[in-house]
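# Results of the structural survey
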Protein chains: 2
Amino acid sequence: MKRVKLVVAYDGTAYHGWQIQPGAPTIEGELNRALGALLKEEIQVIGASRTDSGVHALCNVAVFDTDTCIPAEKIAYALNQRLPEDIKIQGSEEVEPDFHPRHCDSRKTYEYRILNAQFPLPTQRLYAHFTYVPLDVERMKQAARYLTGEHDFKSFCSTAVVVESTVRTIYQLTVERQQNEIIIQVCGNGFLYNMVRIIAGTLMEVGRGSMEPERVKEILDAKERKAAGPTAPACGLTLVKYEFL
Amino acid sequence: MKRVKLVVAYDGTAYHGWQIQPGAPTIEGELNRALGALLKEEIQVIGASRTDSGVHALCNVAVFDTDTCIPAEKIAYALNQRLPEDIKIQGSEEVEPDFHPRHCDSRKTYEYRILNAQFPLPTQRLYAHFTYVPLDVERMKQAARYLTGEHDFKSFCSTAVVVESTVRTIYQLTVERQQNEIIIQVCGNGFLYNMVRIIAGTLMEVGRGSMEPERVKEILDAKERKAAGPTAPACGLTLVKYEFL
């Protein structure tokens, strides 16, 4: 028996998120199916980040246990043959039997992309949220400063979920314009449900001028979801980096 | 009666190319349909570049004649409401009644993207050709130098098509690596059928080491299609710039 870690990239457009659910295509479901067919065992992967419906990833992480004699490093290649075009393994390796991707310190980086132009662009429609309302990146940068560091992010968490603590640390939060795209990059030790999308939605409110940058401090203090801006659409969000410390 | 020019962006994945054909979705067909519905006239657009099946564009050009009283500049917005997500107008304006996008001097720029990595990446699968074979960009740059300038590109033209002259001018041809992507950018006064894809396929042969860079000069001299490398897949190709001189 060995534990194998997979780095998983996917285009989330066609999936109902990571987590398996009956009657709907999910990343977890596709991985279990393809691994079962490859290894002739019943496999249930454990995912690191249970991304939402429509969210993308370059490097999500999953582990599973197997009795196979296929070397762990070869599994990536063999598995890709059995996965659809929109899910591809980026690497596989054996890890310690007690390695659990959600029970160890990690640093994740998400990117939220906004196409801020006069007209939507077809080749970016799946990976960036489009808005023609002009956004002021300098204001968004000012607002972002209030979110860096350790804070109670309760206002930036969808209320549906109950968690023990809503305190998280954001190591870095950058807002940058590249031609007609605005890229928000957030690196932290963990993220609450919808947290990055609510941050993006709030920064967009600031960028369009309907909220002052300083308001973000008050939103943190309010500790309630309705104080923050709307949840930005899923398609703009991609998990771009995952480090285990 | 006025003549209106449209700048058209599209994701070519789902289309059988630009040119209208019965029973298959095409960019031209979609434009005629949407314009007809909007203007209540029978419209037949004239396209500038009849891109192949699966090829993308940021800025192809089409013109049409209409009796509508809708101002030309507003047509882009109204038309986008009637077009699918993978075709979007980037601007519309009135032009001289005799302006014909294929009968005037122009400068087009195409980009061919290659994902040169160990594993395919789902979020790039529609807009870059994937190859895990390591490509040497320096060799590709050397080969590209032979193609710049005015040449008879007969060897870089698919044989199916008969044209008056196969002489074209490439103003600039660059090959650049950006992380794990290789981007070939070609700017010229016109391109023969499949010319950019055959250039890309040939440069890849050079990059992988199965052809010397100097061989490209001999390929030009041979003036026959079979001397050049294979036609690279359509998905990597995007029309990125269109200038009328």
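Summary of the structure given here.

Overlaying chain A on chain B yields an RMSD of 0.0 Å, the required transformation being a rotation through 180 degrees with an accompanying axial translation of 0.0 Å. Within this description, the copies of the chain are treated as partners about a two-fold rotation axis. Interface residue correspondence from chain A to chain B reaches 100%, placing this contact among same-surface, isologous pairings.

On to the layout of surface pockets. Of the pockets and cavities examined, the largest pocket occupies roughly 1,800 Å³. If you trace the largest pocket, you find 41 residues lining it, with A:Arg113, A:Gln178, A:Glu181, B:Arg113 and B:Glu181 closest to the centre. Contributing elements (two or more residues each) for the lining of the largest pocket: strand 5 (106-116), strand 8 (167-178), strand 9 (181-188) and strand 10 (237-244) of chain A together with strand 5 (106-116), strand 8 (167-178), strand 9 (181-188) and strand 10 (237-244) of chain B. Each residue belonging to the lining of the largest pocket can be placed in one class, and the counts come to 15 nonpolar, 18 polar and 8 charged.

Our next topic: the interface of chain A and chain B. Contact residues are listed per partner, giving 24 residues for chain A and 24 residues for chain B. Interface area, chain A with chain B, both sides summed: about 1,900 Å², of which 67% is carbon and sulfur. Across the chain A-chain B interface, the total number found is 2 salt bridges. Ionic pairing is found between B:Arg125 and A:Asp11, a salt bridge with its closest N-O pair at 2.9 Å. If you look at where chain A meets chain B, you find 6 residue pairs in polar contact (both at pLDDT 80 or more). Broken down by secondary-structure element, the contributors of at least two residues to the side of chain A that touches chain B are strand 1 (2-10), strand 3 (56-66), helix 2 (72-82) and strand 4 (87-95) of chain A. The biggest single contributor to the side of chain A that touches chain B is strand 4 of chain A, with 5 residues. Among the residues forming the side of chain A that touches chain B, the class breakdown is 13 nonpolar, 6 polar and 5 charged.

Below, the discussion takes up the packing of helix 1 (residues 27-39) of chain B against helix 2 (residues 72-82) of chain B. Residues and elements named next belong to chain B. One way to put it is that helix 1 packs onto helix 2 with a least axis distance of 9 Å and a crossing angle of 110 degrees. Classified by the interaxial angle, the pair formed by helix 1 and helix 2 is roughly perpendicular. Between helix 1 and helix 2 lies a crossing whose hand is right-handed. Taking contact as the criterion, the partners of Arg 33, Ala 34, Leu 35, Ala 37 and Leu 38 in helix 1 are, on helix 2, Ile 75, Ala 78, Leu 79 and Arg 82. When the residues that make up the contact of helix 1 with helix 2 are grouped by side-chain class, the tally is 7 nonpolar, no polar and 2 charged.

Residues and elements named next belong to chain A. Under the counting rule described, the total for this entry stands at 14 aromatic pairs over all chains. Look at Phe 99 and Phe 244: their rings are 5.1 Å apart centre to centre, the planes differ by 80 degrees, and that puts the pair in the edge-to-face class. Here Phe 244 lies in strand 10 and Phe 99 lies in the loop between strand 4 and strand 5, a separation of 145 residues in the sequence. Since its relative accessible area comes to 17%, Phe 99 is described here as buried.

Next up on the list: the environment of A:Ile20. Residues and elements named next belong to chain A. Within the element layout of this structure, Ile 20 appears in the loop between strand 1 and helix 1 (27-39). On the basis of relative accessibility, which here comes to 47%, the residue Ile 20 falls in the partly exposed class. Spatially, the C-alpha atoms of Ile 20 and His 103 are 20 Å apart, while their sequence positions differ by 83 residues. Once residues lying within four places of it in the same chain are set aside, the contact partners of Ile 20 are Thr 26, Glu 28, Gly 29 and Asn 32.

All told, the structure shown has 24 salt bridges over all chains when counted by the stated rule. A salt bridge links A:Arg113 to A:Glu111; its shortest N-O distance comes to 2.6 Å. Salt-bridge contacts for B:Glu205 lead to B:Arg208; the nearest nitrogen and oxygen are separated by 3.9 Å. Residue B:Glu205 and its partner B:Arg208 are located together in helix 4 (residues 195-208), separated by 3 residues, close to a single helical turn. Here B:Arg208 falls in the partly exposed class, since its relative accessible area comes to 46%.

Rules and cut-offs
One numbering rule holds for all chains: residues counted from 1, following each sequence as written. For naming, the first written chain is A and the first written ligand is 1, with later ones following in the order written. Local features are withheld for residues below a pLDDT of 70 in this predicted model, meaning they are given only at 70 or higher, and side-chain atom pairs are given and counted only at 80 or more; totals for whole chains, interfaces and linings count all residues. Side-chain numbers come from the whole structure's heavy atoms, not from hydrogens or water. Copy-to-copy superposition: least squares on the C-alpha atoms, limited to residues that have pLDDT of at least 70 in both copies. Contacts were defined at the residue level, with two residues in contact if any of their heavy atoms lie within 4.5 Å. Cavities and pockets are found on a 1 Å grid laid over the protein atoms alone: a cavity is a set of points where a 1.4 Å probe fits but cannot escape, a pocket is an open set with protein on both sides within 12 Å along at least five of seven lines, and a lining residue has an atom within 4 Å of such a point. Grid points are joined across faces, edges and corners, and a volume is the space filled by probe spheres set on the points. By the criteria applied, helices consist of DSSP H or I runs no shorter than four residues and strands consist of E runs no shorter than two, each listed in order from the N terminus. Residue type decides the class: Asp, Glu, Lys and Arg count as charged, Ala, Val, Leu, Ile, Met, Phe, Trp, Tyr, Cys and Pro as nonpolar, and the leftover types, Gly among them, as polar. Accessible area, probed at 1.4 Å, shrinks when two parts are joined; the buried area is that loss added up over both. A pairing counts as a salt bridge when a side-chain nitrogen of Lys or Arg comes within 4 Å of a carboxyl oxygen of Asp or Glu. Pairing of N or O atoms within 3.5 Å defines a polar contact, subject to two protein rules: one partner must be a possible hydrogen donor and the other a possible acceptor, and residues neighboring in sequence count only if both atoms are side-chain atoms. Interaxial angle, 0 to 180 degrees, is taken between N-to-C directions of lines fitted to C-alpha atoms, where a helix line uses only the stretch in contact. Note on angle classes: values under 35 degrees are labelled roughly parallel, values over 145 roughly antiparallel, values of 65 to 115 roughly perpendicular, and the remainder oblique. Handedness of a crossing follows from how the near helix is turned relative to the far one, being left-handed for an anticlockwise turn of less than a right angle and right-handed for a clockwise one. Pairing of aromatic side chains here covers Phe, Tyr and the six-membered ring of Trp, requires ring centres within 6.5 Å, and sorts the geometry by plane angle: under 30 degrees stacked, over 60 edge-to-face, intermediate tilted. Exposure classes here rest on a 1.4 Å probe applied to the protein chains alone. A residue is buried below 20% of its type maximum, exposed above 50%, and partly exposed in between.

So far we have only geometry, and geometry alone does not tell us how the molecule works.
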